[in-house]
Amino acid sequence: MRHALLSVSDKRGVVAFAQTLQTLGFTLLSTGGTAKVLREAGLYIVEVGDYTGFPEMLDGRVKTLHPKEHGGILALRDDAAHMKAIAAANIPTIDLVVVNLYPFRETVAKPDCTLEEAIENIDIGGPTMVRAAAKNYQSVAIVVDPDDYASLSHELTANAGMLHHATRFALARKAFSHTAAYDGAISNWLTARDADNKAGDYPDQFNVSFAKMQALRYGENPHQSAAFYREMPGVPGSIAAAKQLQGKALSYNNIADADAAWECVKSFPENIACVIVKHANPCGVAIAANTLEAYKKAFACDPTSAFGGIIAFNHEVDAATAEAVSAQFLEVLIAPTYSAEAKALLTKKVNVRVLEIALNACGENAYDLKRVGGGILVQSPDSHTLTKTDLTCVTSKAPSAQQLDDLIFVWRVAKFVKSNAIVFAKNGATVGIGAGQMSRLDSARIAGIKAQHAGLSLLGSVVASDAFFPFRDGLDVIADAGAVAVIQPGGSMRDAEIIAAANERGVAMVVTGVRHFRH
C-alpha cells in the first residue's frame with residue numbers, strides 16, 4: 001500500500017491531482033481544509049488525526065507533528081534498521097507529500113495586517129514535512145508547486161505510480177528553495193518591526209529570493225560567466241516577465257539595456273512613445289500620434305548611437321513601424337503587442353530578439369539593489385512622478401504652454417539618463433543627450449555636440465538637468481546652444497546666481513525640488 005499526504009494552502013488543481021493518485025492506488029492522507037475539499041469532490045480521504053490516532057489540537061497548531069507521519073516520511077527504505085523500527089511501531093511509509101505553506105506573504109501584504117495575524121500565518125508543520133520529504137528524496141517525492149501537478153500526473157501514470165530519481169531530486173531542490181524563500185519572507189517582515197508592530201524602513205536582515213530563468217553565454221564581457229534570475233514572487237510587466245517571440249537568446253547586456261528601455265518607455269502612459277537605448281542610456285526618446293512617427297523622431301536624435309540599439313514602444317507595433325525598424329540594425333525590439341502583419345515582417349529579421357511585455361499590469365521592484373564589495377545597497381525605487389503643479393517658476397520669464405509640456409517630457413527622460421544628465425528636447429522628442437559625465441558642464445557640451453552631429457537645431461529647445469547647476473557655466477552652454485527653458489531640481493548654494501544668469505540670458509527656469517541621480 002502506497003501513501004500520499006496532501007495538505008495545501010493553495011488548492012489550485014489539487015482535486016485533479018488527488019484523483020490521479022487515487023486511481024494509481026495511493027491511500028490519501030489529508031488535513032482540515034484540504035481533506036474537506038477532496039472529500040467534497042468524492043475522494044476517499046483518511047484524516048491525519050485518524051491515521052495517527054492523535055487528533056488536531058491547539059486550533060490546528062498541532063496536526064502533522066507526529067512520529068507516524070515523520071517516521072513514514074524519513075525512514076530510509078534501504079536501511080534495514082530503519083525499516084525494522086517503523087514496522088515495530090506500526091508506521092507505514094509515506095511515498096509522496098503534497099504540501100504548500102500558509103499564505104504568509106499574502107497576509108502581511110494587507111495594509112491592516114496585525115502582528116497576531118502574521119504570527120498565525122507562520123506555518124510550522126508544513127515546512128517540517130516539506131524538509132523531511134525533501135531530505136529523503138531518494139524514496140519520497142515532495143510537491144510544493146501546483147504548476148507541477150500536470151507533468152507529475154503524466155509521469156506517474158506512465159510509470160505505474162513511480163517517479164524517476166531525477167524528478168524526485170528536482171522536486172527536492174524546489175522544496176528547499178520554497179522553504180528558504182518562505183523563511184526569508186518571515187525574517188524580512190519581522191525584523192522590520194518592533195513588538196508593537198511598528199514598522200521600520202528596512203529589515204535588520206535582508207533576504208531575497210530569485211529563481212534562475214536562463215544561463216547566459218557570458219556576462220558583460222566574454223570572460224565573465226552569467227545567468228538571469230527572476231524575483232520571487234514575480235513582478236508583472238517587467239523585463240523578467242517578457243515573452244520572447246523570436247530571435248537569438250538574450251545576452252547579459254541585451255537584458256540590461258532592454259530593462260532600461262522598457263522602464264523608460266512605460267513612464268509615458270498617456271502617450272504613444274518610443275525609446276531607443278544604447279549601453280544603458282537613452283539615445284532617443286519621443287512621443288507622437290503613432291508608433292512610426294514616434295520611432296522616426298526618436299531615431300533622429302542620435303542615428304549613430306541607435307545602430308545596434310534596443311528599441312521599445314509602449315503601444316502595439318504595426319506593420320509600417322515594423323518595416324521601419326527592420327531597416328536598421330537593432331538587437332532587441334520590445335512592445336506590449338504586435339499586429340499579425342508586424343510579426344510576419346519581423347520574422348525576416350531572424351536574429352532580432354522580439355519581446356512582448358504586458359503593459360496593463362505593470363508592477364515595480366519593491367527595492368533597488370546595488371552590489372558593493374562585501375555588501376549590498378538597498379533603496380526604494382525612484383518612482384517619483386512630476387506634474388505641472390509641482391513646478392515652481394523662479395525666473396521673470398515663464399515657459400509657454402508648449403514649453404511646459406516639453407519640460408515635463410524631458411524631465412521624465414532625464415530620470416533614465418546616467419548622471420550627470422543634460423537632455424535637450426523639442427516638440428515631444430529629445431534632440432540632444434549628454435550622459436554619464438563627471439562634470440555637468442561636459443554633459444551639456446556633449447549634448448550639443450550630439451545634436452550637431454545629428455543635424456538637429458537646438459534653437460527653441462528645452463533642457464532638463466537631473467541635478468542642480470553648481471555654477472552658471474552649464475546654464476550658459478545650454479543658452480548658447482539655443483535653449484529657451486530649463487527644468488532642474490534647484491537646491492544649489494548658488495541658486496540665486498543661476499537664476500540671475502537665466503534671467504540675464506532670457507531663459508525660463510522651473511525647479512522641481514526633486515533630483516534624479518542614476519548611477
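Everything discussed here concerns the structure shown above.
Residues numbered from 1 in each chain as written. Predicted model: local features only at pLDDT ≥ 70, side-chain atom pairs only at ≥ 80, totals over all residues. Heavy atoms only, no water.

Participant: Explain the pairing of strand β21 (residues 508-511) to me, please; I cannot follow it from the model alone.
Facilitator: The side chains of a regular strand alternate, first on one face of the sheet and then on the other. What you see with β21 is no split at all: A508 and V510 on one side and M509 and V511 on the other are buried throughout. For strand β16 (residues 392-393) and β21, the ladder comprises 2 bridges, and the chain directions are antiparallel. Paired with T392 across the two strands is V511, which belongs to β21. Since strand β20 (residues 485-488) and β21 lie parallel, the crossover through helix α19 (residues 495-505) that links them has a hand, and here it is right-handed. (Buried < 20%, exposed > 50% of the residue type's maximum accessible area, 1.4 Å probe, protein only. Helix = DSSP H or I, 4+ residues; strand = E, 2+ residues; numbered from the N terminus. Pairing = 2+ DSSP bridges. Right-handed = clockwise from strand over helix to strand, strands pointing away.)

Participant: What's the story with the layout of surface pockets in this structure? I'm lost.
Facilitator: If a probe as big as a water molecule is rolled over the atoms, it shows which places are left empty. Volume-wise, the second largest pocket comes out at about 980 Å³. As for the second largest pocket, its lining consists of 30 residues, of which R105, V144, D145, H178 and M232 are closest to the centre. The dominant element in the lining of the second largest pocket, judged by the number of residues it contributes, is helix α10 (residues 165-190), at 8 residues. When its residues are assigned to classes, the lining of the second largest pocket shows 14 nonpolar, 6 polar and 10 charged. (1 Å grid on protein atoms, 1.4 Å probe; cavity = no way out; pocket = protein on both sides within 12 Å on 5 of 7 lines; lining within 4 Å. Points joined across faces, edges and corners; volume = space filled by probe spheres on them. Nonpolar A, V, L, I, M, F, W, Y, C, P; charged D, E, K, R; others polar.)

Participant: I keep staring at the sheet that holds strand β4 (residues 96-99) and nothing clicks. Help me out?
Facilitator: To summarise the sheet geometry, strands pair through backbone hydrogen bonds and adopt either a parallel or an antiparallel arrangement. Judged by pairing direction, the sheet is parallel, and its 5 strands sit side by side in the order β3-β2-β1-β4-β5 without closing on themselves. Two strands in the sheet have a free side with no partner beyond their single neighbour: β3 (46-47) and β5 (141-143). Sheet topology note: the strand β1 (residues 2-7)/strand β2 (residues 26-30) ladder contains 5 bridges and is parallel. Its bridge partner lying in β2, H3 is registered against T27. Across the face of the sheet, helix α1 (residues 14-23) comes into contact with β1, β2 and β4 while running at roughly 140° to β2. (Contact = heavy atoms within 4.5 Å. Axes fitted to C-alpha atoms, helices over the stretch in contact; angles between N-to-C directions.)

Participant: How should the sheet that holds strand β8 (residues 243-246) be read in this particular structure?
Facilitator: Within the open sheet, the 6 strands sit side by side as β8-β13-β12-β11-β9-β10. Their pairing is mixed. Both outer strands of the open sheet, β8 and β10 (281-288), are each paired with one neighbouring strand and no more. For this sheet, the mean inter-axis angle between neighbouring strands, taken without regard to orientation, is 20°. Sheet topology places strand β9 (residues 272-278) next to β10; 7 bridges connect them, and they run antiparallel. For V275, the partnering residue across the bridge sits in β10 and is V285. Helix α12 (residues 291-301) contacts β9, β10 and β11 (309-313) of the sheet and is inclined by roughly 145° relative to β10.

Participant: Looking at this model, I keep getting lost on the nonpolar core. Mind explaining?
Facilitator: For soluble globular proteins, the rule of thumb is that nonpolar side chains tend to be buried together. Within the largest apolar cluster, 53 residues are counted, with the highest numbers of intra-cluster contacts made by L6, L21, L96, V97, F104 and I142. Element by element, the count of residues in this core is highest for α10, at 7 residues. Not counting residues up to four positions away in its chain, the partners in contact with I142 are V97, V130, A133, A134, L171, A172 and A175. Listed in part, the 48 residues of the second largest apolar core include I255, V265, A273 and I334. (Core = buried A, V, L, I, M, F, W, Y, C linked by side-chain atoms within 4.5 Å.)

Participant: I tried to follow the state of the cysteines on my own but got confused; where do I start?
Facilitator: Cysteine pairs can be covalently joined through their sulfur atoms, and such a bond is termed a disulfide. Tallying each qualifying case throughout the model produces 0 disulfides. With no disulfide partner, C264 has as its closest neighbouring cysteine sulfur the one in C274, 10.0 Å distant. (Disulfide = S-S within 2.5 Å.)

Participant: Just to check I follow, could you spell out empty space enclosed by the protein for this structure?
Facilitator: Under the definition given, this model contains 2 cavities of 30 Å³ or more. Estimates place the volume of the second largest cavity at around 30 Å³. In this structure, the second largest cavity is lined by Y295, F299, A306, G309, I311, Q328, F329 and L330. Mapped by element, the contributors of at least two residues to the lining of the second largest cavity are α12 and β11. Looking at the lining of the second largest cavity residue by residue, the classes come out as 6 nonpolar, 2 polar and no charged.

Participant: I would appreciate a short explanation of the pairing of β4 in the present structure.
Facilitator: Judged by which residues are buried, β4 turns out to be covered on both faces: L96 and V98 on one side and V97 and V99 on the other are all buried. For β1 and β4, the ladder comprises 4 bridges, and the chain directions are parallel. Considered in β4, the bridge of L5 is made with V97. The pairing of β4 with β5 spans 3 bridges and is parallel.

These figures come from the coordinates and say nothing about function on their own.
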